[in-house]
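Listed here are the chains, written in short residue letters.
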Amino acid sequence: MCAVGEEGILRLERLMMILGADVSRLPDQHRMSTKEEKKDYTPNGEIAKKIASVTPYFPFKGIKKFYDIGGFLKHPEIFQLVIDVFVERYKKIGIDSIAGFDARGFIIGPPVALALKKPFIMLRKKGKMPNSVTGKEYGKEYAGKEVLSIPRSSVKKGDRVLLVDDLVATGGTLSAGIELVQLMGGVVAECACIVEIKFLNARKKLDGLGYKDVPIWALMDESILNLDGLKAKDIDTKEYKDDGEAH
């Protein structure tokens, strides 16, 4: 009788479950536990906490806590968890395309779009993209003004579009993206981000702009992001200073 590795046993068990066979006949040590079978992808859940544990904050651009997704990007296995969460959620919610915000939405959006086999749309700052449609000026997340553009004909009438960014604070950027998708005749299925700064209440801003029907979903909020980049022993901050341009 040939020896079967653990990975082979797990595959066999999944096949047996699909066929309705009795998996209890497999050795106990090779059966999948509930924890292995189901991952906690809920907001602020166990997976979110694992991602938060390597996502530091720094004083930057005059903001006391600027959350740096570069923390988890250095860990491929953690970055993969982020993508897995988004893929698992949005394969169940019918969408036609994914639109990511300039620039961090370009990091998260494409791998999710590839996994779901959906088109990816870049929402870029005005003047950065040819053959595009430009929206109205909007207030950025903390201060200042900006204008976004979307590729012409990238959204068809009735398309369900997922908006993706790394973080939502005041909701200014999200509102600009919603406006562009609707201008093209599309419907925003949801606004998805890794982090939502709850106390800034982006939901209230969107409601006030008439976007009450557009959901906001975030993997985590600031309550579990407790990694101080200046105090973490494994983060080199020698001679660090807040040299970011003020908002």
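First, a word on scope: everything that follows refers to the structure included in this document. Position labels on residues start from 1 in each chain and follow its written sequence. Where totals are concerned, whole chains, interfaces and linings use all residues; where local detail is concerned, this predicted model gives features only for residues with pLDDT of at least 70, and gives and counts side-chain atom pairs only at 80 or more. Excluding hydrogens and water, the side-chain figures rest on all heavy atoms present in the structure.

Turning next to the sheet that holds strand S3 (residues 97–101). Adjacent strands of a sheet form backbone hydrogen bonds with each other and so pair up, either parallel or antiparallel. Here, any two strands with at least 2 DSSP bridges between them count as paired. Note on conventions: DSSP H or I runs of at least 4 residues are helices, E runs of at least 2 residues are strands, and numbering of each starts at the N terminus. Taken together, the seven strands give an open sheet; going across it, the order is S5-S8-S4-S3-S9-S10-S11, and neighbouring strands pair in mixed fashion. Of all strands in the sheet, those bounded by a partner on one side alone are strand S5 (132–134) and strand S11 (216–221). Shown here is a sheet whose adjacent strand axes are inclined to one another by a mean of 25°, direction ignored. Whether two residues are in contact is decided by their heavy atoms: any pair within 4.5 Å suffices. In this analysis an axis means a line fitted to C-alpha atoms, helices contributing only their contacting stretch, and an angle means the value between N-to-C directions, from 0 to 180 degrees. The strands that helix H5 (residues 76–90) touches are strand S9 (160–168), strand S10 (187–196) and S11; relative to S10, the one it contacts most, it runs at about 155°. Its contacts with the sheet put helix H7 (residues 172–183) on S3, strand S4 (120–125), S5, strand S8 (148–151), S9, S10 and S11, and the angle it makes with S9 is roughly 165°.

Another aspect to go through is the sheet that holds strand S12 (residues 227–228). With mixed pairing, three strands are arranged side by side in an open sheet as S2-S1-S12. With one partner strand each, in any of the chains shown, strand S2 (63–67) and S12 form the two edges of the open sheet. Judged from the two bridges that link them, strand S1 (residues 56–60) and S12 form a sheet pairing that is parallel. Each residue of the ladder has a partner; that of Pro56, found in S12, is Leu227.

A word on H5. Between its first and last C-alpha atoms H5 spans 21 Å; for 15 residues at 1.5 Å apiece the expected length is 21 Å, and the two agree. Relative accessibility thresholds used throughout: buried, under 20% of the residue-type maximum; exposed, over 50%; partly exposed, between the two (1.4 Å probe, protein chains only). Looking only at H5, the buried set comprises Ile78, Leu81, Val82, Ile83, Val85, Phe86, Val87 and Tyr90. Next to the buried residues of H5 lie helix H3 (46–52), helix H4 (70–73), helix H6 (105–116), S9, S10 and S11. Every helix has an expected span of 1.5 Å times one less than the residues it contains.

Turning our attention to the pairing of S3. Most of S3 is tucked away, with five of its five residues classed as buried. Side chains of S3 alternate between two faces, with Ser97, Ala99 and Phe101 and Ile98 and Gly100 buried alike. Sheet topology note: the S3/S9 ladder contains four bridges and is parallel. Within S9, the residue paired with Ala99 across the bridge is Leu163. Pairing of S3 with S4, which is carried by four bridges, proceeds in the parallel orientation. Along S4, the bridge assignment pairs Gly100 with Met122. Whether a crossover is right-handed depends on one test, that the path from the first strand over the helix to the second runs clockwise when the strands point away from the viewer. As for the winding sense of the linkage, the β-α-β connection from S3 through H6 to S4 is right-handed.

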